[in-house]
Amino acid sequence: MNAVRLETNTPQFQNDLADVVRLLLGPCEVRPDAGGIVLRHTHAQEGETLLERCTLEGDLPRGGALSRLCREEGGLLVREVRAAAGEGGPLAEKRAVKRAAKTCLFELLGATVEKLPPWGSLTGIRPTRLLYEALEKGMTVEEGRSWLRDTFYVSESRTGLLAEILAMQEGLIGREPKEFDLYAGIPFCRTRCTYCSFAAGELGDGRRVVPYVDALIREMELCAEMARERGLRLRAGYIGGGTPTAIAPEQLRRVIEAAQRLYPGAREWTVEAGRPDTIDRAQLAMLREMGIGRICVNPQTFHDETLRRVGRAHTSEDTLRAFALAREMGFGHINMDFIAALPGEGREDLVSSIRQAVALAPESITVHALAIKHSSKLNEQRYRQSSPEEAQRMVEEARALLEGAGYRPYYLYRQKYMAGNLENVGYAKPGCACLYNIDNMEETAPVLAFGAGAISKWLFPGRDDGGRDERIERAPNVRNIDEYIARAEEMAQRKIALVTQ
Ligand code: SF4
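Visitor: Hey, could you run me through unusual backbone geometry in this one?
Guide: The phi torsion of most residues other than glycine is negative, and most of the peptide bonds are trans. A cis amide bond, omega 10°, links G241 with the succeeding residue G242. Along the chain, the position of G242 falls in the loop between β8 (233-241) and α7 (249-262). Phi is positive for E443, which is not a glycine, with a value near 55°. Position of E443 among the secondary structure elements: in the loop between α14 (435-442) and β15 (447-450). On the basis of relative accessibility, which here comes to 15%, the residue E443 falls in the buried class.

Visitor: I'm lost on the nonpolar core in this one. Help?
Guide: In globular proteins that are soluble, nonpolar side chains generally tend to be buried together. Counting residues in hydrophobic clusters, the biggest one holds 109 residues, and the most contacted among them are M220, Y263 and L287. For this core, the leading source of residues is helix α6 (residues 209-229), giving eleven residues. If sequence neighbours within four positions are ignored, L287 has contacts with L252, I256, V271, I292, I295 and F331. In this structure, F13, I37, L66 and A101 belong to the second largest nonpolar core, which totals 35 residues.

Visitor: It is not clear to me how the environment of L116 should be interpreted in this structure. Could you clarify?
Guide: Within the element layout of this structure, L116 appears in the loop between α2 (90-109) and α3 (127-136). L116 gets classed as partly exposed once you look at its relative accessible area, which sits at 22%. Sequence separation of L116 and P299 is 183 residues, and the distance between their C-alpha atoms is 32 Å.

Visitor: I tried to follow the domain arrangement of the protein chain on my own but got confused; where do I start?
Guide: It is common to give the size of an interface as the accessible area that goes away when the parts come together. Per the domain assignment, the segments making up the protein chain are domain 1 (1-114), domain 2 (117-170) and domain 3 (179-450). Computed from C-alpha atoms alone, the centre-to-centre distance between domain 1 and domain 3 is 37 Å.

Visitor: It is not clear to me how the site of the ligand should be interpreted in this structure. Could you clarify?
Guide: The full set of residues close to the ligand is C189, T191, R192, C193, Y195, C196, F198, L203, G242, T243, R275 and R312. Looking at side-chain class alone, the shell around the ligand contains six nonpolar, three polar and three charged residues.

Visitor: Before we go on, may I ask you to explain helix α4 (residues 141-152) in this structure?
Guide: Within an α-helix, residues lying three or four positions from one another point in the same direction, as the helix has 3.6 residues per turn. Over its twelve residues, α4 extends 16 Å from the first C-alpha to the last, a length consistent with the 16 Å expected when each residue adds 1.5 Å. Those residues of α4 not exposed but buried are G144, R145, W147, L148 and F152. What you see down the axis of α4 is that its buried residues fit within an arc of 160°, all on one side. Those residues of α4 that are buried are in contact with α2, α3 and α5 (156-169). Following α4 by one or two positions, Y153 adopts a phi angle in the positive range, close to 60°.

Visitor: What is the right way to look at the packing of α4 against α5 in this model?
Guide: Closest axis-to-axis distance for the α4/α5 pair is 10 Å, and the angle between their directions is 140°. The interaxial crossing formed by α4 with α5 has right-handed handedness. The residues of α5 that touch α4, namely those facing V141, R145, L148 and R149, are E156, T159, G160, L162 and A163. Classifying every residue of the contact of α4 with α5 gives four nonpolar, two polar and three charged.

Visitor: Would you take a moment to explain the pattern of salt bridges for this structure?
Guide: Two side chains carrying opposite charge are able to pair once their charged atoms lie near each other. What the rule picks out here adds up to 49 salt bridges. R22 is the partner of D19 in a salt bridge, and the nearest nitrogen-oxygen pair spans 3.4 Å. Within this pair, D19 and its partner R22 are both found in helix α1 (residues 14-25), separated by three residues, close to a single helical turn. The exposure class of D19 is buried, given its relative accessible area of 14%. A salt bridge links R281 to E328, with the shortest nitrogen-to-oxygen separation between them at 3.1 Å. Taken together, the positions of R281 in helix α8 (residues 281-289) and E328 in helix α10 (residues 316-328) put the pair 47 residues apart, joining distant regions of the chain. Three or more residues are tied together by salt bridges with common partners; here these are R5, E7, R40 and E57.

Visitor: When you look at the pairing of strand β6 (residues 76-84) in this model, what are you seeing that I'm missing?
Guide: On any regular strand, side chains alternate: one points to one face of the sheet, the next to the other face. As paired elements, strand β4 (residues 49-57) and β6 share eight bridges and run antiparallel to each other. Considered in β6, the bridge of L51 is made with R82. Pairing of strand β5 (residues 71-73) with β6 involves three bridges; the strand directions are antiparallel. Each residue of the ladder has a partner; that of R71, found in β6, is V78. Linking two consecutive strands that pair antiparallel, namely β5 and β6, is a turn of two residues; a positive phi of about 55° is found at G74 within it.

Visitor: Please clarify how the packing of aromatic side chains should be interpreted in this entry.
Guide: To describe a pair of aromatic rings, you give the distance between the ring centres and the angle between the ring planes. With the rule as written, the count across this model stands at eleven aromatic pairs. Taking 5.4 Å as the distance between ring centres and 85° as the angle between the ring planes, the aromatic pair formed by F188 and Y212 counts as edge-to-face. Taken together, the positions of F188 in the loop between β7 (179-186) and α6 and Y212 in helix α6 put the pair 24 residues apart, joining distant regions of the chain. By relative accessible area, which is 0% here, Y212 ends up buried.

Visitor: Can you walk me through the sheet that holds strand β1 (residues 3-8) in this structure?
Guide: Sheet strands pair by backbone hydrogen bonding; their relative direction is either parallel or antiparallel. The strand order β2-β1-β3-β4-β6-β5 describes an open sheet built from six strands, whose pairing is mixed. The sheet terminates laterally at β2 (29-31) and β5, the two strands that pair on one side only. If you compare each strand with its neighbour and ignore which way they point, the axes differ by 25° on average. Taken together, the three bridges between β1 and β2 define a ladder with parallel strand orientation. Bridge pairing in β2 places A3 opposite E29. On top of the sheet, α1 reaches β1, β2 and β3 (37-46); it is set at about 140° to β1, its chief contact. The strands touched by α2 are β1, β3, β4 and β6; relative to β4, the strand with the most contacts, the crossing angle is about 30°.

Visitor: Just to check I follow, could you spell out α3 for this structure?
Guide: Burial runs high along α3: seven of the ten residues are buried. Its buried side turned inward, α3 meets α2, α4, α5, β13 (408-413) and α14.

Visitor: I would appreciate a short explanation of empty space enclosed by the protein in the present structure.
Guide: Think of a ball as big as a water molecule: rolled over the atoms, this probe shows where empty space is left. Across all of its chains, the model carries one cavity of 30 Å³ or more by this definition. What lines the largest cavity is R158, L161, V367, V395, E396, R399, E423, V425 and Y427. Those elements that place two or more of their residues in the lining of the largest cavity are α5, α13 (388-404) and β14 (424-428). Per-element tally for the lining of the largest cavity: the top contributor is α13, with three residues. Among the residues forming the lining of the largest cavity, the class breakdown is five nonpolar, no polar and four charged.

Reading the values: rules and limits
- Going along each chain's sequence as written, the residues are numbered from 1 onward.
- Where totals are concerned, whole chains, interfaces and linings use all residues; where local detail is concerned, this predicted model gives features only for residues with pLDDT of at least 70, and gives and counts side-chain atom pairs only at 80 or more.
- The side-chain quantities take in all heavy atoms of the structure and omit both hydrogens and water.
- In DSSP terms, a helix is any run of H or I states spanning at least four residues, a strand is any run of E spanning at least two, and both are numbered starting from the N terminus.
- The buried label applies to any residue whose accessible area, calculated with a 1.4 Å probe on protein chains only, is under 20% of its type's maximum; exposed applies above 50%, and partly exposed to all values in between.
- Here the nonpolar core consists of buried residues drawn from Ala, Val, Leu, Ile, Met, Phe, Trp, Tyr and Cys, with membership extended through side-chain atoms lying within 4.5 Å.
- Residue contacts are defined here by distance: any two heavy atoms, one from each residue, within 4.5 Å place the two residues in contact.
- Boundaries of every domain are those given by an automatic assignment or by a domain database.
- Nearness is judged by heavy atoms alone; a residue qualifies as near a molecule or strand once a single heavy atom is within 4 Å of it.
- In this classification, the charged set is Asp, Glu, Lys and Arg, the nonpolar set is Ala, Val, Leu, Ile, Met, Phe, Trp, Tyr, Cys and Pro, and all remaining amino acids, among them Gly, are polar.
- Between the first and last residue of a helix there are one fewer steps than residues, each counted as 1.5 Å, and that sum is the expected span.
- The directions from the helix axis to the C-beta atoms are what the arc is built from.
- Note on geometry: axes are lines fitted to C-alpha atoms, helical ones only across the stretch in contact, with angles between N-to-C directions running from 0 to 180 degrees.
- It is the rotation of the near helix from the far one that decides the hand of a crossing: anticlockwise by less than a right angle makes it left-handed, clockwise makes it right-handed.
- When a carboxyl oxygen of Asp or Glu is within 4 Å of a side-chain nitrogen of Lys or Arg, the pair counts as a salt bridge.
- The criterion for strand pairing is that DSSP finds at least two bridges linking the strands in question.
- Working definition: rings of Phe, Tyr and Trp (its six-membered ring) pair if their centres are within 6.5 Å, and the pair is stacked with planes under 30 degrees apart, edge-to-face with planes over 60 apart, and tilted otherwise.
- A 1.4 Å probe that fits into a set of points on a 1 Å grid over the protein atoms alone but cannot get out defines a cavity; an open set with protein on both sides within 12 Å along at least five of seven lines defines a pocket, and lining residues are those with an atom within 4 Å of a point.
- Grid points are joined across faces, edges and corners, and a volume is the space filled by probe spheres set on the points.

Structure follows, in structure tokens:
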């Protein structure tokens, strides 16, 4: 399908409704002025009741999974939904309208497909939030799972995944007052992966490493005084990328040393070493000296043919060597990342990669589903994703293998344009979960984020008088490296303004 016309009297939700269309009808353009299939949504409110009505005009199959909820009326397929208006401030009200509108459209289009997607009508990135929301309303986990199934059509398998994640997060989620996380980004890579969502110009070529590190340290210095004055305390630190270990160890040491000196007291530090071909004895020795407890060695796959195809300049041999070296040098927490549905890979390829990883016994393993972002080479190449069913079989088999080997899911997030509308899941052995990942994915701790493209987030509590909802505000840094180097002080001021407003 090329294009679908979508008209709504709530234009502020046009993009959210378009996501629902793509969720059920597959990749297509959704515009208010397209021809062919026509979808109309109208929202109205009577007192405390929201009234949503969606209609479908055009040639789509009918009699699908949710046809019992819809009716035919003058050649149109019609679905109407009544829902309670949200209680609380304006944000809660807006959320209630958006949810009702999306549900109505999902139920209408659910009459045109035989099988519903695994996450039902959910298109946001944090389904765990909904289960937490159910618990806050006094439901048990089982009642919360039923609510997710009945309200959002989330599959049994996915509500079970959420319940397992909540169990793993127990005692880890939440923070002491004034605690925050720190992220410092090193946006350099030796080659660009075909699925990478950074524009080529945003990933450095190595010649700007020293001025970049100078700017990064300057940005951290400028914010440190504000953090001290406000009594902020670091909870978890994360050096990400790019590939932090793509720069010389002495430059990476400068970044870590500055971060730890300016923001002392973290409960954990993680360095996303990432590409195995950048991990050598000198880098690992420096990380050990700096007290880094957790690193990532990311194979993505153990198939060399695929690694070549996706532009990663390393082999599975490099991964094995880097992993063995890290163990020999005493790293007790190593994470490994994999991507399901990489170009040219099927179920057996992912399964054999995960089997090899399990044999190495890293403390945590993350399984992503391939997402094709607009700025990636794969998108330029008009690469078509594996079928949703195949992608789903892959991640489900990976999950079964990992759980059978004693790993448990502990965080999850979703992105747009993912294979099969699936999810990225972090698995860890009990006691090995990464705090930063939980905080970041659940948005339960504020983050001061430094470096090109880094996005700081600050959490503001709601007001008891109902005047304002709890909210999260963001301060993004510029993505381009040259611009970042020139404007690092301004980026620091943005962060200070965010925190001190
Ligand atoms: S390692 Fe990550 S940041 Fe670097 S090119 Fe690949 S996807 Fe992009």
